[in-house]
Amino acid sequence: MSLKGRSFLSTGDLTPAELDELLDAALRGKAEGRGAFGTPMAGKSAALVFFNPSLRTRVSMSVAITQLGGHVMPLEIGAGTWDLEHRDGVVMDGTKVEHVKEAVPVLCQYVDLIAVRCFPKLANYEEDKADAMVASFAKHATVPVVNLESAFYHPCQALADMMTIKERFGAVKGKKVVLSWAYHPKPLPHAVPNAFALAAAQCGADLTIAAPSEYQPDDAMLAALRAQATASGGSVRTTSDQQSAAEGAHVIYAKSWASRAFYGDATSDLACRQAYRSWRVDDELMQLTNDGVFMHCLPARRNVVVTDGVLDGQHSVVVQQAGNRLHAQKALLAGIFGS
Amino acid sequence: MSLKGRSFLSTGDLTPAELDELLDAALRGKAEGRGAFGTPMAGKSAALVFFNPSLRTRVSMSVAITQLGGHVMPLEIGAGTWDLEHRDGVVMDGTKVEHVKEAVPVLCQYVDLIAVRCFPKLANYEEDKADAMVASFAKHATVPVVNLESAFYHPCQALADMMTIKERFGAVKGKKVVLSWAYHPKPLPHAVPNAFALAAAQCGADLTIAAPSEYQPDDAMLAALRAQATASGGSVRTTSDQQSAAEGAHVIYAKSWASRAFYGDATSDLACRQAYRSWRVDDELMQLTNDGVFMHCLPARRNVVVTDGVLDGQHSVVVQQAGNRLHAQKALLAGIFGS
Amino acid sequence: MSLKGRSFLSTGDLTPAELDELLDAALRGKAEGRGAFGTPMAGKSAALVFFNPSLRTRVSMSVAITQLGGHVMPLEIGAGTWDLEHRDGVVMDGTKVEHVKEAVPVLCQYVDLIAVRCFPKLANYEEDKADAMVASFAKHATVPVVNLESAFYHPCQALADMMTIKERFGAVKGKKVVLSWAYHPKPLPHAVPNAFALAAAQCGADLTIAAPSEYQPDDAMLAALRAQATASGGSVRTTSDQQSAAEGAHVIYAKSWASRAFYGDATSDLACRQAYRSWRVDDELMQLTNDGVFMHCLPARRNVVVTDGVLDGQHSVVVQQAGNRLHAQKALLAGIFGS
């Protein structure tokens, strides 16, 4: 595996073998303890560029960089800094006073890594799918760029997700993994479920995507997942029956997301999803599984997405899963800055 | 004294002997200079969780951690991160998207210390007195938690306060210390006066709490202070006469706070306090003292709480007092992370 | 040159010889690479106090301090901290809860350097010209204060500007340097153009200030610039003809600023400047120059202040110019903390 000097925008940037090797490095690093990867970032600075809030990502990435010897430089776009334009040819007479074309090359003269979080606008599905802001950062950067959750992917989360499954079950391949839509009081981005599904397919899981019909993945996405799964000896199926999906599952991964059918129309989406308030993970659902674990990227709305019983019970691995963010990101950065 | 691995939510967590030892360590550390305590936090990270603004606390804590070799990770709740729920059993369908039950155990996998600031809502006195957010952090944390000012206590401030009195007068015990309410254009939290009064009582001061009748401490609080004072050879009395309180005092500690009588009703409190606009510390009041010092936790509204004359004069120790935050916190952290 | 222990509020604080020596140190440091200046800030902390947003300044200053071995402590005034009063004798019963008289001496007990950004209010020209907030910081500080852009000056930017000209042309002296006003959809501060013009005059450039009549510099400023230029063998002239100014120029430095005539009256300024929408730097203007470079402090509004063609073309040095902020500031700090 050589991640050296590479950007990481999606697990799709990695071959299945590279992904697997990275997960193993993360698990080894966790076992070996804090100093496992040495200090490959000594003397180096990393800009963490946040267009949106963050807790786990901010802290786990900062601590990862620090433990590897590096210096963290957080930037809050639109708060402590200027808002950024990424479109070409625009007459910039509005609220965005700086273009990525300048901001990123300038940053690259100061820092050795740019990690960026930029959520979707949830207005236009195809526009969000294009993931233009993060792509623009990568295009104009001369240092590696790491995606801390873009409009369409959250690959660092997916690394921790796969690591957690591998840690628990020894492997992802062949495991029955259910990505289940959940009720939530507002439409949410697709980045986490997209990244999870992609990584699970790359790792050869038997993946079931359970969601009401209005919340099913788009056909192109599904075709891409199936191509990955085929190559890795896994499978992908979809269903609108949460109960049947849960039967015999090793993993229930709950996450809410916006409907493509009503993308950009929150009112209609909210009206539609009222019929699906029962899409909440509770003990009954977990009892259908094969002694399965409950996963969630957090933050999780208690008693909305998942009950107190499940989240506080023995099947929940959400805290371990979040903890693995640190180890997965240390392994990633050690690869990028390693010898 | 062994503070090793302990949380610090209030000076009440310490025995009087432990408190005194900690103050001596802080004074020794100040005298010995920047490297006094070595680097017991080398390789360690600390999350500083701010629900509210901070200047002195933010900087003094960050510099303390840095000088001890550690890495500081500031988090602004509700700004750069998600807002947090701390109540049990809630259906989280409102604005709070994450529960302390997840957030804190997750943080504890990344960092070695959590320091948290969370002001009161000033709506319900009993609720604020319960100090639930900080208590919830401590309950769910597996690393030490330090209170950077909660709804009801500000113990790091109280350490610096007692250290400053000891530095100036050689001891706190037997010193005539006046905690005086002051006029201020809005109702303020009780954390600083509570913490000061508690620590002064623990240290055996002869404490006078001077405040208009509507601003007197609650009976339970007063009983607790008197129990501490009795055990330490000090005393606690209350008065509504600021002048008589000041006579012969070693310390005038000015601070405004909300009335319990009108708690949650700012309009009535503001109406009530108009009669007490003269509760401002000026040179005339200071001349009643026994060559006493003027103390305030800062920020202080000039010519409202205290005159320019007092604040810029030779009796003011407010800058020294704030400077002692650094040394008191270094001693505290050296205890928590020490061998 | 001895900058040791000195504040840096304007390049006017330096003699022309000191300024030139500093620019040479910056160029040497850039050539020698990251470790050029050693770690004169080891064990030291610096507060970066931001009243306003920042990208380049925040990152370049933070990385500069880090590379010199120091610890960075960012403070956002009015966001994560209290808002500050700087006027004397005020009754502080409004929104500002803390005075610089306390805040700065307190900070000086924690940190070894204060760097401060405070933009003008753009309400009263003489008030902004007095640069009272930064002056107040310097007055009350016992550690060096560095100006990260005040109401009237941006000297760190000016250092990088002069360094960039010297890097490109071998010298600033005798070079034909044009500071050109540009159209922008709102009135902007004078700090960058003031600092650039002053430093160019100190360095002996042949400086032309091109601006519509309503946007010309004030007479006192102009007299001061001419005094500096005379002493350094340079010259200063003004014109309202952008084309003639550009002829034969080595440098076109574009920047918009508010009209003194309408200072504090944005509506009138905006009405006035509509006649000057053609004051935008494009390829035609650049072709009038002597193979000149395009400079801008960034952020720059594309196709408003400058066209895509110029900014993306071979004459633009804006990214290099911003990159030089790091090296100029490292040289400055190495001087302040050096032996």
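Residues numbered from 1 in each chain as written. Chains lettered and ligands numbered in written order. Predicted model: local features only at pLDDT ≥ 70, side-chain atom pairs only at ≥ 80, totals over all residues.

Enquirer: Run through the overall build of chain A, naming residues and quoting values.
Expert: Of the regular secondary structure elements, chain A holds 13 helices and 11 strands. For 339 residues, the compact-globule estimate of 2.2 N^0.38 gives 20 Å, and chain A sits close to it at 20 Å. Seen along its three principal axes, the alpha-carbon backbone of chain A occupies a region of about 55 × 50 × 35 Å. Expressed as a percentage of the 339 residues in chain A, the buried residues total 61%. Counting only contacts in chain A whose residues sit at least 6 apart along the sequence, the fraction spanning at least 24 positions is 79%. (Helix = DSSP H or I, 4+ residues; strand = E, 2+ residues; numbered from the N terminus. Rg over C-alpha atoms; globule rule 2.2 N^0.38 Å. Buried ≥ 20, exposed ≤ 12 C-beta atoms within 10 Å, placed from the backbone. Contact = placed C-beta atoms within 7 Å.)

Enquirer: I'd like to hear about the relation of the copies chain C and chain B, residue by residue, with values.
Expert: Between chain C and chain B, the superposition needs a rotation of 120° and an axial shift of 0.0 Å, giving an RMSD of 0.0 Å. Taken together, these values place the two copies in the relation of a three-fold axis. (Least-squares fit on C-alpha atoms with pLDDT ≥ 70 in both.)

Enquirer: So what's going on with the sheet that holds strand 2 (residues 71-76) of chain C? Residues and values would help.
Expert: All names here are of chain C. Pairing in this open sheet of four strands is parallel, and the strands run 2-1-5-6 from one edge to the other. Every interior strand has two partners, whereas the edge strands, strand 2 and strand 6 (145-147), have only one. Here the average twist between neighbouring strands, direction ignored, is 20°. Both strand 1 (residues 45-50) and strand 2 contribute to a ladder of six bridges, which runs parallel. When the sheet's bridge partners are listed, Phe 50 is paired in strand 2 with Glu 76. (Pairing = 2+ DSSP bridges. Axes fitted to C-alpha atoms, helices over the stretch in contact; angles between N-to-C directions.)

Enquirer: How would you summarise the domain arrangement of chain A if you had to cite specific residues and measurements?
Expert: Residues and elements named next belong to chain A. By domain assignment, chain A separates into domain 1 (11-153 + 325-337) and domain 2 (157-321). Of note, the centres of domain 1 and domain 2, computed from C-alpha atoms alone, are 25 Å apart. Taken residue by residue, the interface counts 24 residues in domain 1 and 24 residues in domain 2. Broken down by secondary-structure element, the contributors of at least two residues to the side of domain 1 that touches domain 2 are helix 1 (16-32) and helix 13 (318-337). With six residues, helix 1 is the largest single contributor of residues to the side of domain 1 that touches domain 2. Counted by class, the side of domain 1 that touches domain 2 contains 16 nonpolar, five polar and three charged residues. (Domains from an automatic or database assignment. Nonpolar A, V, L, I, M, F, W, Y, C, P; charged D, E, K, R; others polar.)

Enquirer: Describe the pairing of strand 9 (residues 235-239) of chain A, naming the residues involved and giving the relevant values.
Expert: Residues and elements named next belong to chain A. Pairing between strand 8 (residues 206-210) and strand 9: five bridges, direction parallel. Bridge pairing in strand 9 places Ile 209 opposite Thr 238. Chirality of the crossover, the property in question, places the unit of strand 8, helix 8 (residues 219-232) and strand 9 among those that are right-handed. (Right-handed = clockwise from strand over helix to strand, strands pointing away.)

Enquirer: How would you sum up the interface of chain A and chain C? Please name residues and give values.
Expert: Between chain A and chain C, the residue contacts involve 25 residues of the former and 27 residues of the latter. Listing elements by their share of the side of chain A that touches chain C, those giving two or more residues are strand 1 (45-50), strand 2 (71-76), strand 4 (98-99) and helix 3 (100-110) of chain A. If you tally residues by element for the side of chain A that touches chain C, the top one is helix 3 of chain A, at seven residues. Its residues assigned to classes, the side of chain A that touches chain C shows 14 nonpolar, eight polar and three charged.

Enquirer: With reference to specific residues and values, describe helix 8 of chain A.
Expert: Residue and element names in this part refer to chain A. The terminal C-alpha atoms of helix 8 lie 20 Å apart, and with 14 residues this matches the ideal 20 Å at 1.5 Å per residue to within 8%. Of the positions making up helix 8, those classed as buried are Leu 225, Gln 228, Ala 229 and Ser 232. All buried residues of helix 8 project into a common sector of 100° when viewed along the axis, lining one side. Those residues of helix 8 that are exposed and angled more than 90 degrees off the buried face are Asp 219, Ala 220, Ala 223 and Ala 227. Summarising the contacts, the buried residues of helix 8 are in contact with helix 1, helix 7 (191-202), strand 8 and strand 9. (Expected span 1.5 Å × (residues − 1). Arc of directions from axis to C-beta.)

Enquirer: Can you lay out helix 7 of chain A for me, pointing to particular residues and giving the numbers?
Expert: Residues and elements named next belong to chain A. For helix 7, spanning 12 residues, the distance from its first C-alpha to its last is 16 Å, which sits close to the expected 16 Å at 1.5 Å a residue. Taken across its 12 residues, helix 7 has 12 buried, putting it largely inside the fold. One or two steps after helix 7, the chain reaches Gly 204, where phi turns positive at roughly 80°.

Enquirer: Would you mind going over the sheet that holds strand 7 (residues 176-181) of chain C in detail, with residue names and values included?
Expert: Residues and elements named next belong to chain C. Read from one edge of the open sheet, five strands run 9-8-7-10-11, paired in parallel fashion. Strands at the two margins of the open sheet, each flanked by one partner only, are strand 9 (235-239) and strand 11 (293-295). Neighbouring strand axes in the sheet, compared pairwise and without regard to direction, differ in orientation by 20° on average. Pairing between strand 10 (residues 251-255) and strand 11: three bridges, direction parallel. Note on strand 11: the bridge partner recorded for Val 251 is Val 293.

Enquirer: Describe the interface of chain C and chain B, with residues and values.
Expert: Contacts between the two partners involve 25 residues from chain C, matched on the other side by 27 residues from chain B. When contributions to the side of chain C that touches chain B are tallied by element, the ones reaching two or more residues are strand 1, strand 2, strand 4 (98-99) and helix 3 (100-110) of chain C. With seven residues, helix 3 of chain C is the single largest residue contributor to the side of chain C that touches chain B. Split by residue class, the side of chain C that touches chain B holds 14 nonpolar, eight polar and three charged.

Enquirer: Mind laying out the packing of helix 2 (residues 56-67) of chain B against helix 3 of chain C, listing which residues take part and the relevant values?
Expert: Look at helix 2 of chain B against helix 3 of chain C: their axes get within 9 Å of each other, and the N-to-C directions meet at 10°. The angle between the axes of helix 2 of chain B and helix 3 of chain C places the two elements in the roughly parallel class. Taken together, the residues of helix 3 of chain C that come into contact with helix 2 of chain B (itself represented by Arg 56, Val 59, Ser 60 and Val 63 of chain B) are Val 106, Leu 107 and Tyr 110 of chain C. When grouped by side-chain class, the residues that make up the contact of helix 2 of chain B with helix 3 of chain C number five nonpolar, one polar and one charged. (Parallel < 35°, antiparallel > 145°, perpendicular 65-115°, else oblique.)

Enquirer: Explain unusual backbone geometry residue by residue, including any values.
Expert: Where the residue is not glycine, phi is negative for most of them; where a peptide bond is considered, it is trans in most cases. In this chain, Leu 298 of chain A is followed by Pro 299 of chain A through a cis amide linkage whose omega measures 0°. Assignment of secondary structure puts Pro 299 of chain A in the loop between strand 11 (293-295) and helix 12 (308-312). Residue Asp 291 of chain A is not a glycine yet carries a positive backbone phi of 55°. Here Asp 291 of chain A shows up in the loop between helix 11 (283-287) and strand 11. In this structure, Asn 303 of chain B takes a positive phi of about 65° despite not being glycine. With respect to the secondary-structure elements, Asn 303 of chain B resides in the loop between strand 11 (293-295) and helix 12 (308-312).

Enquirer: Could you give me a rundown of the environment of Ile 77 of chain C, with the residues and numbers involved?
Expert: All names here are of chain C. Here Ile 77 lies in the loop between strand 2 and strand 3 (84-85). With 21 C-beta atoms counted inside 10 Å, the residue Ile 77 sits in the buried group. On a C-alpha basis, the gap between Ile 77 and Val 116 in space is 10 Å, while along the polypeptide they are 39 residues apart. Non-local contacts of Ile 77, meaning those with residues more than four positions away in its chain, are made with Val 49, Phe 50, Phe 51, Asp 83 and Leu 84.

Enquirer: Run through the environment of Ser 62 of chain B, naming residues and quoting values.
Expert: Inspection of the secondary structure puts Ser 62 of chain B in helix 2. Residues Ser 62 of chain B and Ala 46 of chain B, spaced 16 residues apart in sequence, show a C-alpha to C-alpha distance of 8.9 Å. With sequence-adjacent residues up to four places away left out, Ser 62 of chain B is seen in contact with Leu 48 and Val 72 of chain B together with Met 73 of chain C.

Enquirer: I'd like a rundown of the confidence of the model for chain A, residues and numbers included.
Expert: Per-residue confidence for chain A averages 95 on the pLDDT scale, and 98% of its residues sit at or above 70. Note on the complex model: pTM 0.95, ipTM 0.93. (pLDDT = per-residue confidence, 0-100.)

Enquirer: Account for the environment of Ala 334 of chain C, naming residues and giving values.
Expert: All names here are of chain C. Tracing the backbone shows Ala 334 in helix 13 (residues 318-337). Through-space distance from the C-alpha of Ala 334 to that of Leu 188 is 32 Å; in sequence the pair is 146 residues apart. With near-sequence residues (within four places) excluded, Ala 334 lies in contact with Phe 37, Pro 40 and Leu 68.

Enquirer: Go over the packing of helix 7 (residues 191-202) of chain B against helix 8 (residues 219-232) of chain B with me, naming the residues and quoting the values.
Expert: All names here are of chain B. Where helix 7 contacts helix 8, the two axes come as close as 7 Å, and the packing angle between them is 25°. Comparing their axes, helix 8 and helix 7 come out roughly parallel. Packed against helix 7, whose contacting residues are Ala 197, Leu 198, Ala 201 and Gln 202, the element helix 8 presents Leu 225, Gln 228, Ala 229 and Ser 232 at the interface. Tallied by class, residues from the contact of helix 7 with helix 8 come to five nonpolar, three polar and no charged.

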